[in-house]
Amino acid sequence: MNEFEKYIRDNKNQLEPDKMDPKVWMSIENKMLKSNNRRKLFYWRTIAATALLLLGSYFAYNTVWENENDIEANLIAQFDLQEHKFTQKVNSLNENLSNASVPENNLEDFEMLLQQLKFLDKQFEEYMVFVDQNGYQEFIKNQIVNHYKTKINLLEKIQKEVEKINYYENKVPTTSKKVEINI
Amino acid sequence: MKEVDYISMLVLRVKKNDIVAMQTLYNDFSKAMMATSLRITNNEADSEDILQDAFVTSFQKIAQLKEASKYGGWLKQIVINQSLNQVRKNRSFVNLDQIPELSDEDGNENDIPEGITFQDIKAVIHNLPDGAREVFSLYLLEDLKHREIAEKLNIAVSTSKSQYRYALKLLREKLIPAHE
């Protein structure tokens, strides 16, 4: 192999595209969510049957004290509030973590989680661009709901990690200075 | 280069259907895989479709991956195979019997042409004849042996070697006049 060949081989990452079209990932994500949903269908059918039985008993029990219409209105209102609740939950977790700090030498434990948080936020921006360009389609709605669930899950994971580290730090203090994790 | 453990950890989470881990792997590997596929198909839309299928296949069959740290190599195999399938019907090789001066001793072949950019190299690779471009990419950039290339493209090992030399010669010829 001559110097010219070596030069190309050693710098092959320079031949990669500068960026990827966001629709490639969106399509992969959509396929994976559908595939996961199919797998979960059997599981959820069993749960749903049990839940229906319990719900039926609940309604039968509560009609003695509560008007049936009030319950239905309440359930509809809860459903409409789904997205609002997601954003509230995200905001509340963000607020909790806004001043969170950990010993400096534990900061690298959060590197991957914070990187994923950035990916999620970037992905959300891409959803919004897609919605602007193509309207609010059903599949994008599902992906936005999934985005919120994933983000909440991730923020809760970060919060637990911070709590765990600070619990041990209080018990066995280190000399490492405390720094904010910057969420 | 990221640590091996980092990839293994992501693979473990993909096995648990973690969509963020899938996205992280996609972000880490998509550009390299796109470049690999594009050099074979020479068609952006085809390569985007191949990438979608390859990532979905890798996520759905992740349980078959014995060593999590080898996800990148495994994914690359899927991308290469799907890309080669895509172009199989239209593949053609230039008949090198018609081209007399194809030798190993070809002037200053060790020199790196001055002033070339990777955009130039990309453009010249893009314009190489199909068969030669595939062999060139698989051998130099995807680290396949001529024997493996011959098997994948259903050609003789000697054809793989001569097409590679031909691609390299064209690459140098097209890069040098532009900058000398």
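Residues numbered from 1 in each chain as written. Chains lettered and ligands numbered in written order. Predicted model: local features only at pLDDT ≥ 70, side-chain atom pairs only at ≥ 80, totals over all residues.

Participant: Tell me about the overall build of chain A, and name the residues and values.
Facilitator: The helix and strand tally for chain A stands at 6 helices and 2 strands. Expressed as a percentage of its 183 residues, the buried residues of chain A come to 10%. In chain A, the share of contacts with a sequence separation of at least 24, taken over all contacts with a separation of at least 6, comes to 87%. (Helix = DSSP H or I, 4+ residues; strand = E, 2+ residues; numbered from the N terminus. Buried ≥ 20, exposed ≤ 12 C-beta atoms within 10 Å, placed from the backbone. Contact = placed C-beta atoms within 7 Å.)

Participant: Help me get a handle on the interface of chain B and chain A, residues and values and all.
Facilitator: Often the size quoted for an interface is simply the accessible area lost on bringing the parts together. Of the residues lining the interface, 32 residues belong to chain B; the matching set on chain A comes to 32 residues. Contributing elements (two or more residues each) for the side of chain B that touches chain A: α2 (19-41), α3 (44-60), α5 (118-126), α6 (130-141) and α8 (157-179) of chain B. No other element matches the 12 residues that α2 of chain B contributes to the side of chain B that touches chain A. Split into classes, the residues belonging to the side of chain B that touches chain A amount to 18 nonpolar, 8 polar and 6 charged. (Nonpolar A, V, L, I, M, F, W, Y, C, P; charged D, E, K, R; others polar.)

Participant: I'd love a proper account of the confidence of the model for chain A, names of residues and values included.
Facilitator: Across chain A, the average pLDDT comes to 79, with 79% of residues at 70 or higher. Across chain A, element-level confidence peaks in helix α1 (residues 3-10) of chain A with a mean pLDDT of 90 and bottoms out in helix α3 (residues 68-80) of chain A with 51. (pLDDT = per-residue confidence, 0-100.)

Participant: Talk me through the packing of α3 of chain B against helix α4 (residues 71-87) of chain B; I want residue IDs and the actual numbers.
Facilitator: All names here are of chain B. Close contact between α3 and α4 brings their axes to 9 Å; oriented N to C, the two are set at 140°. Judged by the inter-axis angle, α3 sits oblique to α4. Here α3 runs over α4; the crossing is right-handed. Between α3 and α4, the contacting residues are Asp46, Ser47, Ile50, Leu51, Asp53, Ala54, Thr57 and Ser58 on the first element and Trp74, Leu75, Ile78, Val79, Gln82, Ser83 and Gln86 on the second. For the contact of α3 with α4, the residue count by class is 7 nonpolar, 6 polar and 2 charged. (Axes fitted to C-alpha atoms, helices over the stretch in contact; angles between N-to-C directions. Parallel < 35°, antiparallel > 145°, perpendicular 65-115°, else oblique. Left-handed = near helix turned anticlockwise from the far one by under 90°.)

Participant: Residues and numbers for helix α7 (residues 146-153) of chain B, please.
Facilitator: Since there are 3.6 residues in each turn of an α-helix, residues three or four apart along the chain are aligned in direction. Residue and element names in this part refer to chain B. Residues of α7 that are buried: His146, Ile149 and Leu153. Along the long axis of α7, the arc covered by the buried residues comes to 60°, so they all point the same way. Downstream of α7 by a residue or two, asparagine 154 has a phi angle that is positive, lying close to 60°. (Arc of directions from axis to C-beta.)

Participant: Tell me what's going on with the nonpolar core, and back it up with residues and numbers.
Facilitator: Met22, Leu25, Val135, Phe136 and Ala167 of chain B are the most contacted members of the largest nonpolar core, which totals 46 residues. Take this core: its biggest share by element is 11 residues, from α2 of chain B. One finds Val102, Phe110, Leu155 and Ile158 of chain A within the second-largest nonpolar core, a separate group that totals 6 residues. (Core = buried A, V, L, I, M, F, W, Y, C linked by C-beta atoms within 7 Å.)

Participant: Give me the lowdown on the confidence of the model for chain B, citing residues and values where you can.
Facilitator: For chain B, the mean per-residue pLDDT works out to 87, and 88% of the residues sit at or above 70. Model confidence for the complex: the whole-complex pTM is 0.65, and ipTM, which rates the interface, is 0.84.

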